[in-house]
Amino acid sequence: MNSSLTAPPFAPEAGPGEILPHAARRQPQAIALVAGGRRFTYAGLESMSRRVAGALRNRGIGPGDVVSLCGQNSWEWIVGYHGALRAGAVVNPINVMLTGPELKYVLDDCGATAVLAGAEQAARIAAILHDVASIELFVQFGGDPRYDRAETFASLLDERSDDEFTDHRPLPRDLCAIAYTSGTTGHPKGAMQSHRAILLNCALTATMHRRTSDDIVVTGLPAAHVYGNVAINATFLAGGTVVLMERFDAAEALRLIAAERATMFEGVPAMYSMLLAEQTLATADLTNLRMTTVGGQTIAPATMRAWQQRSQAPMIELWGMTELAGLGTTHSPYARAVPGSIGVALPGTDIRIAPLDGSDAEVGIGEPGELQVRGPLVMLGYFANPAATEEVMLPAGWLRTGDVAFADDTGHYFLVDRIKDMIVTAGYNVYPAEIERVVASHPGVALVAVGRRPDEVRGEIAVAYVVAKAGIQPTEAEVIDFCRDSLAPYKRPRAVVFVDHLPTTASGKIMRRKLADLDAVESTVENQEYQ
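Report on the accompanying structure.

Cut-offs and rules
Residues numbered from 1 in each chain as written. Predicted model: local features only at pLDDT ≥ 70, side-chain atom pairs only at ≥ 80, totals over all residues. Heavy atoms only, no water. Helix = DSSP H or I, 4+ residues; strand = E, 2+ residues; numbered from the N terminus. Rg over C-alpha atoms; globule rule 2.2 N^0.38 Å. Buried < 20%, exposed > 50% of the residue type's maximum accessible area, 1.4 Å probe, protein only. Contact = heavy atoms within 4.5 Å. Lys, Arg positive; Asp, Glu negative; His and termini not counted. Charge placed at Lys NZ, Arg CZ, Asp CG, Glu CD. Core = buried A, V, L, I, M, F, W, Y, C linked by side-chain atoms within 4.5 Å. Pairing = 2+ DSSP bridges. Axes fitted to C-alpha atoms, helices over the stretch in contact; angles between N-to-C directions. Phe/Tyr/Trp six-rings, centres within 6.5 Å; stacked < 30°, edge-to-face > 60°. Expected span 1.5 Å × (residues − 1). Right-handed = clockwise from strand over helix to strand, strands pointing away. Salt bridge = Lys/Arg side-chain N within 4 Å of Asp/Glu carboxyl O. Polar contact = N/O pair within 3.5 Å; in protein donor to acceptor, adjacent residues only side chain to side chain.

## Points about the overall build of the protein
From N to C terminus, the protein includes 14 helices and 26 strands. The globule rule puts the C-alpha radius of gyration for 531 residues at 24 Å, and the 23 Å found for the protein is close to it. Overall size of the protein, expressed as C-alpha extent along the three principal axes, is 75 × 50 × 50 Å. Taken across its 531 residues, the protein has 57% of its residues classed as buried. At a minimum sequence separation of 6, the contacts of the protein that also span at least 24 residues come to 65%. Across the protein, the 45 positively charged side chains and the 60 negatively charged ones have centroids separated by 4 Å.

## Quick look at unusual backbone geometry
Note: most residues except glycine have negative phi, and most peptide bonds are trans. Although it is not a glycine, arginine 261 adopts a positive phi angle of roughly 55°. If you trace the backbone, arginine 261 turns up in the loop between helix H9 (250-259) and strand E12 (264-267). With a phi angle near 55°, glutamine 312 is a residue other than glycine that sits in the positive phi range. Judged by relative accessible area, glutamine 312 falls into the exposed class, the value being 65%.

## So, the nonpolar core
Membership of the largest hydrophobic core comes to 110 residues, with the highest contact counts inside it found for Leu33, Leu45, Trp75, Phe153, Phe236, Phe265 and Leu275. A total of eight residues in this core trace back to one element, the largest contributor, which is helix H3 (residues 75-87). The residues touching leucine 33, leaving out its near neighbours within four places in the chain, are Arg38, Arg39, Phe40, Leu45, Trp75, Ile78, Phe236, Val242 and Leu244. The next biggest cluster of nonpolar side chains, apart from the first, holds 22 residues, and it includes Cys110, Ile125, Val132 and Tyr180.

## Topic: the sheet that holds strand E1 (residues 31-35)
Strand pairing in a sheet is mediated by backbone hydrogen bonds. Such pairs are either parallel or antiparallel. With mixed pairing, the nine strands of this open sheet are ordered in space as E2-E1-E11-E10-E12-E13-E14-E15-E16. The sheet is open, and its two borders are formed by strand E2 (38-41) and strand E16 (344-345), each paired with just one other strand. Sheet topology places strand E13 (residues 291-294) next to strand E14 (residues 315-321); three bridges connect them, and they run parallel. When the bridges of E14 are listed, threonine 293 appears paired with isoleucine 316. Across the face of the sheet, H9 comes into contact with strand E10 (216-219), strand E11 (241-244) and E12 while running at roughly 175° to E10.

## Regarding the packing of aromatic side chains
By the definition in use, this model includes nine aromatic pairs. Pairing tryptophan 75 with phenylalanine 153 gives two aromatic rings, centres 6.1 Å apart and planes at 65°, and the pair type is edge-to-face. Here tryptophan 75 is found in helix H3, whereas its partner phenylalanine 153 is found in helix H6 (residues 153-158), with 78 residues between them in sequence. You'll find tryptophan 75 and phenylalanine 153 in the same group, each marked buried.

## Focus: helix H2 (residues 42-58)
For H2, built from 17 residues, the straight-helix expectation of 24 Å at 1.5 Å per residue is met to within 8% by its first-to-last C-alpha distance of 24 Å. The complete set of buried residues in H2 reads Tyr42, Leu45, Glu46, Ser47, Met48, Ser49, Val52, Ala53, Gly54, Ala55 and Leu56. Looking one or two residues past H2, glycine 60 carries a phi angle of roughly 80°, positive in sign.

## Some thoughts on the environment of serine 68
Mapped onto the elements, serine 68 comes out in strand E3 (residues 66-70). Setting aside residues up to four positions removed in sequence, serine 68 forms contacts with Asn92, Ile94, Leu107, Cys110, Ala112, Ala114, Val115 and Leu116.

## Overview of the sheet that holds strand E24 (residues 445-455)
Strand order in the open sheet formed by three strands is E24-E25-E26, and the pairing between neighbours is mixed. The strands lining the two open edges of the sheet, one partner per strand, are E24 and strand E26 (495-498). If you compare each strand with its neighbour and ignore which way they point, the axes differ by 30° on average. Direction of pairing for strand E25 (residues 459-468) relative to E26: parallel, over a ladder of four bridges. Each bridged residue has a counterpart across the sheet, and for valine 466 the counterpart in E26 is phenylalanine 498. Contacting E24 and E25, helix H13 (residues 432-439) runs over the sheet at an angle of about 145° to E24.

## Comments concerning the pairing of E10
Neither face of E10 is exposed, since Ile216 and Val218 on one face and Val217 and Thr219 on the opposite face are all buried. Bridge count between E10 and E11: four bridges; the pairing is parallel. If you follow isoleucine 216 over to E11, its bridge partner there is threonine 241. Traced from E10 through helix H8 (residues 226-238) to E11, the parallel crossover comes out right-handed. Note that E10 and E12 share three bridges and pair parallel. Bridging from a neighbouring strand, valine 218 pairs with phenylalanine 265 of E12.

## So, the pattern of salt bridges
The full count for this structure, using the stated rule, is 23 salt bridges. Residue arginine 247 is joined to glutamate 120 by a salt bridge in which the shortest nitrogen-to-oxygen separation is 3.3 Å. With arginine 247 in the loop between E11 and H9 and glutamate 120 in helix H5 (residues 119-128), this pair connects stretches of sequence that are 127 residues apart. A relative accessible area of 39% means that arginine 247 is categorised as partly exposed. A salt bridge links arginine 290 to aspartate 215; the shortest N-O distance between them is 2.9 Å.

## Considerations on the side chain of aspartate 421
Tracing the sequence through the fold places aspartate 421 in the loop between strand E21 (413-418) and strand E22 (423-425). Within the local environment of aspartate 421, its side chain forms a polar contact with the side chain of arginine 512, the two groups lying 2.8 Å apart. Discounting chain neighbours no more than four positions away, the residues touching aspartate 421 are Pro432, Arg452 and Arg512.

Here it is in structure tokens:
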């Protein structure tokens with residue numbers, strides 16, 4: 001591998017479509033990507049993405065057209081993403097968990113011109129293809145397609161295109177991507193991310209995490225998610241190597257960390273809980289890890305301590321959202337550790353804590369309020385949805401995040417929970433994340449998520465949904481009693497539901513809105529002592 005490259009003389013300026021050409025000029029033969037049992041150099045990825053861009057142009061797909069990508073992590077997904085950007089198209093990364101009707105809504109809403117899909121997702125795309133009039137091109141990753149109108153990704157790569165192909169050069173504020181939020185109610189909203197926002201987020205993340213060409217990053221985060229996208233492209237920007245898992249598996253992640261001599265692992269809290277519960281952890285070689293990152297949701301201190309003790313590497317907490325094209329806050333490994341904090345604002349990003357009543361002011365140090373963000377990372381708005389945009393974008397440029405947080409006197413921020421997840425019980429505000437952090441430290445708990453349940457007396461009560469550790473089965477009373485010393489009586493869970501698994505998104509985040517569905521298949525008796 002080349003010696004560490006920390007200060008590129010000429011960095012990309014306009015957008016993420018420049019990342020691969022930039023890296024290929026600097027170190028063409030360095031390994032950029034390990035995926036699907038193959039290794040790809042920067043020169044190889046650059047060449048393939050250029051050929052895909054040329055093939056898209058030959059089919060009339062270029063500036064302003066929307067190219068949707070729907071598939072599990074793969075080298076084809078990465079090449080397709082960069083190829084679309086180099087052709088000038090707007091990319092639309094799609095969550096692979098969407099159902100047929102949800103897919104149809106997203107493709108219709110953004111007016112997709114082309115869809116690049118994984119073999120597993122192709123059937124769902126084919127079933128709705130005739131109902132989405134805007135789609136002109138349907139491409140399947142992997143083997144031979146079984147569906148009408150579907151082309152192979154190999155056909156794009158093999159197509160001879162104009163040797164005079166030149167990359168599209170967007171303006172920094174031009175639309176680069178339409179990334180749909182998960183949407184807890186109604187239809188998801190398409191956050192419009194600029195070229196500047198995506199490229200800047202990758203650059204600032206690489207800087208804050210001091211990524212270099214020596215880094216080897218193992219990740220199972222979905223490439224379609226902003227956290228996964230930044231993990232991948234921030235590493236490419238620094239000239240490092242991405243070891244991309246098709247989907248997260250704890251045993252495979254530990255194997256890859258050892259086999260590839262990984263310097264970084266990136267994941268969400270549930271992934272670290274699974275790693276700690278994995279039987280092969282005891283013998284896993286983690287000696288090359290210099291740091292790990294965690295985001296997506298708050299992580300229990302007990303989980304963080306256990307992972308850092310086993311890995312002997314610092315865990316960097318971060319926070320971000322789709323509307324920011326990635327991170328908004330993080331830590332630097334050079335700075336002092338502030339456990340429990342999501343870090344400081346990325347350079348050039350303004351953050352404030354505003355009153356929860358919606359007034360235009362700031363709260364005091366240590367006082368909870370809504371986390372709000374302003375700066376070049378903020379989205380352009382929600383696609384074709386001015387009403388939804390107006391709800392979250394304040395006149396002075398502040399983005400309402402919907403997250404409750406507080407700040408300390410050193411500029412570090414601490415996430416409390418989502419405003420919409422707050423439980424109001426007997427007039428008290430209860431935040432599920434606070435309960436989760438306590439319950440997660442119980443020696444018999446592998447995973448926990450806290451949801452709400454209607455109650456005639458209190459209005460709502462907190463319910464803990466628990467996955468027990470293998471070979472250990474705590475009781476409901478034991479879990480509730482465990483909270484006695486750490487939580488005020490009104491904050492303690494009023495019921496515990498033991499389950500085999502918790503509902504998660506494609507990125508591994510726990511979906512609290514789906515927890516109530518578990519009540520239909522799991523029985524529990526509320527502990528009357530705590531009524």
